[in-house]
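This is what each chain is made of:
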Amino acid sequence: MFRSVPMSKFSARDITMTAVFAALAMVAAMLVRYGGSLVPFSLMPFVAMLAGALLGARLGALSMMVYIFLGLAGLPVFATPPFGGPSYVLQPTFGFLPGFAGCAYVTGLLLQDKKEAGIARYFLAMVAGILVYYLIGLPYLYIILNFY
């Protein structure tokens, strides 16, 4: 008669850590909010790599997606004006935001087995995460600057 509600695949710790890293991303974006260049210096790539390394691929990417969705919902959490809202999709720097999620995912994916992870493996995972970040963000920047 009654259908049972499926249990969530996220533990309370997973939900909390995802929210903490989404909040950390907001703080990192606000630290250097008024940069003078088109793409301001930010600690966001570091936060994305840290989220992937500490939370894993799935939760690290989810924390960055929560940050992106909060900004697109209208909260002023992004680093460049208009700081939030759906119109931010047309900003040249928007492409770097999905790049943060990709960066966290790839970094977490490469560091799945933490028992075998040494300094070299962490370094290579972080470099791979940054490459994904740029592979997503730079084409978007080029397209918006040249065709929009």
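The residue numbering used here restarts from 1 in each chain and proceeds along that chain's sequence as written. Whole-chain, interface and lining totals are the exception, using all residues; otherwise, since this is a predicted model, local features are given only for residues with pLDDT of at least 70 and side-chain atom pairs are given and counted only at 80 or more. Side-chain measures were taken over the full set of non-hydrogen atoms in the model, leaving aside hydrogen atoms and water.

Q: Give a detailed account of the nonpolar core, specifying residues and quantitative values.
A: Formed by 28 residues in total, the largest nonpolar core has its most connected members in Met44, Met64, Tyr67, Leu97 and Phe100. Elements represented by at least two residues in this core include exactly helix H1 (12-31), helix H2 (44-55), helix H3 (57-72), helix H4 (96-110) and helix H5 (119-147). Should any heavy atoms of two residues lie within 4.5 Å, those residues are considered in contact. Those residues in contact with Phe100 that sit more than four places away from it in its chain are Met44, Pro45, Ala48, Met64 and Tyr133. Here, nonpolar core refers to any group of buried Ala, Val, Leu, Ile, Met, Phe, Trp, Tyr and Cys residues whose side-chain atoms link them within 4.5 Å. Burial classification: accessible surface area is computed with a 1.4 Å probe over protein chains only, and a residue below 20% of its type maximum counts as buried, one above 50% as exposed, and the rest as partly exposed. Segments assigned H or I by DSSP are reported as helices when at least four residues long, segments assigned E as strands when at least two residues long, and all are numbered from the N terminus.

Q: Talk me through the packing of aromatic side chains; I want residue IDs and the actual numbers.
A: Between 30 and 60 degrees the pair is tilted, below 30 it is stacked and above 60 it is edge-to-face, where a pair is any two Phe, Tyr or Trp rings, Trp via its six-membered ring, whose centres lie within 6.5 Å. One pass over the structure, following the stated rule, counts 9 aromatic pairs. Ring plane angle 45 degrees and centroid distance 5.2 Å describe the contact between Phe96 and Tyr133, whose orientation is recorded as tilted. Of this pair, Phe96 sits in helix H4 while Tyr133 sits in helix H5, and the two are 37 residues apart along the sequence. Assessed through its relative accessible area of 7%, Tyr133 is described here as buried. With a centroid separation of 6.2 Å and an interplanar angle of 80 degrees, the aromatic rings of Tyr142 and Phe147 are classed as edge-to-face.

Q: Lay out the side chain of Ser63 with the relevant residues and their values.
A: Inspection of the secondary structure assignment puts Ser63 in helix H3. If we skip the residues at most four places from it in the chain, Ser63 touches Thr18, Phe21, Ala22, Ala51 and Leu55.

Q: Please give an account of H1 that cites residues and values.
A: Helix span, expected: 1.5 Å multiplied by one less than the number of residues in the helix. Spanning 20 residues, H1 covers 29 Å between terminal C-alpha atoms, matching the ideal 28 Å at 1.5 Å per step. Asp14, Thr18, Phe21, Ala22, Ala25, Met26, Ala28 and Ala29 are the residues of H1 that are buried. Seen from one end, H1 has its buried residues packed into an arc of 165 degrees, which puts them on one side. Summarising the geometry of H1, the exposed residues directed more than 90 degrees from the buried face are Ala12, Arg13 and Leu31. Residues of H1 that are buried sit in contact with H2 and H3. The reported arc concerns the directions from the helix axis to the C-beta atoms and nothing else.

Q: Describe the packing of H2 against H4, listing the residues and the values that go with them.
A: Axis lines are fitted through C-alpha atoms, for helices just across the contact stretch, and the angle between N-to-C directions can take any value from 0 to 180 degrees. Between H2 and H4, the least distance of the axes is 7 Å, while the angle of their chain directions is 35 degrees. Between H2 and H4 lies a crossing whose hand is right-handed. Contacts from Met44, Pro45, Ala48, Met49, Gly52 and Ala53 in H2 reach Phe100, Cys103, Ala104, Thr107 and Gly108 in H4. Residues are grouped as follows: Ala, Val, Leu, Ile, Met, Phe, Trp, Tyr, Cys and Pro are nonpolar; Asp, Glu, Lys and Arg are charged; every other residue, Gly included, is polar. Taken together, the residues of the contact of H2 with H4 break down into 8 nonpolar, 3 polar and no charged. Working rule for handedness: look at the near helix, and if it is turned counterclockwise from the far one by less than a right angle, call the crossing left-handed; if clockwise, right-handed.

Q: An account of the side chain of Thr93 is needed here, citing residue identities and associated values.
A: Summarising the element assignment, Thr93 is placed in the loop between H3 and H4. With residues up to four places along the chain from it excluded, the contact list for Thr93 reads Leu38, Val39, Thr80 and Tyr88.

Q: Summarise the packing of H1 against H3; cite the residues concerned and give the values.
A: Two elements in contact, H1 and H3, have axes separated by 8 Å at closest approach and are oriented at 50 degrees. If you check the angle between H1 and H3, you find them oblique. For H1 against H3, the interelement crossing comes out right-handed. For the pair H1 and H3, the contacting residues are Asp14, Thr18, Phe21, Ala22, Ala25, Met26 and Ala29 in the first and Arg58, Leu59, Leu62, Ser63, Met64, Val66, Tyr67 and Leu70 in the second. The residue inventory of the contact of H1 with H3, partitioned by class, reads 11 nonpolar, 2 polar and 2 charged. Every angle not falling under 35 degrees, over 145, or within 65 to 115 is termed oblique; those three ranges are roughly parallel, roughly antiparallel and roughly perpendicular.

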